[in-house]
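# Coordinate analysis (summary)
Listed below, chain by chain, are the residues.
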Amino acid sequence: MNFKLEGYKNRVTREELFFQVIPCVQTQYKNILTNTYHDITILNFFDSPEIISENEINSGKSSFKDVSKKTGNFFGKLFKTKNFKEKEDFKKEIKLLIRLSRADGKIEEEEKIFLSNKISSLDSFTSTEKIDLFNFMDTASLPELKNEDVVFYDKQKFTQVLKDLEKIASEDGSIADSESKLLNQIKTLGS
């Protein structure tokens, strides 16, 4: 493209213009640790994606809400309240589901979907408890299964958890030997 600049009579400037369409995706996600929604944009989605966060993400620092949950946990544990017992049973259930889904070496997509549908919310947990659950999911090797890992306050809850464990074991189409072995171990310890 050639054009003359005003004020310069005998000078011609050459300018080249280059443009490229860069695909981008905008989405919103819920941070499971902080229970807040965040907007993100992913630029250059296909070649070398770059994520740009629209909101500041809380790094899991204690908030007033978290401190009040910790205080509630302390008194719940002290007096063995119904809410405390339900929360502890739910925490054990989540850990057993994670343990079983990892038993064959990796968590399959179908198992991830089952877990996300089953766990739907971690609002009742403190940041420390949430981080503990995520670390449990990401650790290279899980700790040995102990009797207290399968003892529930509510005996009917254990029966329901066993059904869910059998369901998640068969989500990927077949029950692996390692999953079957772990299921039997859970049943034996829970009896």
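Please read all numbers here as calculations on a predicted model, not as lab measurements. (Residues numbered from 1 in each chain as written. Predicted model: local features only at pLDDT ≥ 70, side-chain atom pairs only at ≥ 80, totals over all residues. Heavy atoms only, no water.)

## Re the overall build of the chain
Counting secondary structure elements, the chain contains six helices and five strands. The buried share among the 191 residues of the chain stands at 28%. Long-range pairs, those at least 24 residues apart, make up 57% of the contacts in the chain between residues at least 6 apart in sequence. Put simply, the chain shows about 13400 Å² of open surface, and 53% of that area lies on carbon and sulfur atoms. (Helix = DSSP H or I, 4+ residues; strand = E, 2+ residues; numbered from the N terminus. Buried < 20%, exposed > 50% of the residue type's maximum accessible area, 1.4 Å probe, protein only. Contact = heavy atoms within 4.5 Å. Areas by Shrake-Rupley, 256 points an atom, 1.4 Å probe, with all protein chains shown as cover.)

## Examining the nonpolar core
Of all hydrophobic cores here, the largest spans 26 residues; its most connected members are Ile94, Leu96, Leu100, Leu115, Leu165 and Ile186. Listing elements by their share of this core, those giving two or more residues are helix H2 (82-102), helix H3 (109-119), helix H4 (127-138), helix H5 (155-169) and helix H6 (177-190). Those residues within four positions of Leu165 in sequence are excluded, and the remaining contacts are Leu96, Leu97, Leu100, Leu183 and Ile186. (Core = buried A, V, L, I, M, F, W, Y, C linked by side-chain atoms within 4.5 Å.)

## Details of the packing of aromatic side chains
This model, assessed by the stated rule, comprises three aromatic pairs. Look at Phe152 and Phe158: their rings are 5.9 Å apart centre to centre, the planes differ by 45°, and that puts the pair in the tilted class. We note Lys92 situated over the ring of Tyr153; from NZ or CZ to the ring centre the distance is 5.9 Å. When the ring centre of Phe136 is taken as reference, the NZ or CZ atom of Lys95 above it lies at 5.2 Å. (Phe/Tyr/Trp six-rings, centres within 6.5 Å; stacked < 30°, edge-to-face > 60°. Lys NZ or Arg CZ within 6 Å of the ring centre and 35° of its normal.)

## Examining the confidence of the model for the chain
A residue-level look at the chain finds 76% of positions with pLDDT of 70 or above and a mean pLDDT of 77. Ranking the elements of the chain by mean pLDDT puts strand S1 (residues 2-4) last, at 51, and H5 first, at 89. Under a pLDDT of 50 for its full length, residues 56-61 has, in the predicted model, seven contacts with residues more than four places off or in other chains. (pLDDT = per-residue confidence, 0-100.)

## Describing the sheet that holds strand S3 (residues 24-31)
Taken in spatial order, the three strands of this open sheet run S3-S4-S5, and their pairing is antiparallel. Since the sheet does not close on itself, it has two edges, and those belong to S3 and strand S5 (50-53), each with one partner. Neighbour-to-neighbour, the strand axes of this sheet turn through a mean angle of 30°, independent of strand direction. Relative to S5, strand S4 (residues 36-43) is paired through four bridges, and the arrangement is antiparallel. Of the residues in S5, the one forming a bridge with Leu43 is Glu50. (Pairing = 2+ DSSP bridges. Axes fitted to C-alpha atoms, helices over the stretch in contact; angles between N-to-C directions.)

## Here's the deal with the environment of Phe45
With respect to the helices, strands and loops of the structure, Phe45 is situated in the loop between S4 and S5. Residue contacts for Phe45: discarding those within four places in its chain leaves Pro23 and Val25.

## Comments concerning the packing of H2 against H6
As a packed pair, H2 and H6 sit with axes 9 Å apart at the nearest point and diverge in direction by 150°. With respect to H6, the axis of H2 lies roughly antiparallel. In the packing of H2 onto H6, the handedness of the crossing is right-handed. Between H2 and H6, the residues in contact are Leu96, Arg99 and Leu100 and Glu179, Leu182, Leu183 and Ile186, respectively. (Parallel < 35°, antiparallel > 145°, perpendicular 65-115°, else oblique. Left-handed = near helix turned anticlockwise from the far one by under 90°.)

## Topic: a nonpolar patch on the surface
A cluster of nonpolar side chains, namely Val25, Phe45 and Phe46, defines an oily patch on the protein surface of about 300 Å² accessible area. A relative accessible area of 37% places Phe45 in the partly exposed class. (Patch = residues over 30% accessible without salt bridge, like charges linked within 9 Å, V, L, I, M, F, W, Y side chains within 5 Å. Salt bridge = Lys/Arg side-chain N within 4 Å of Asp/Glu carboxyl O.)

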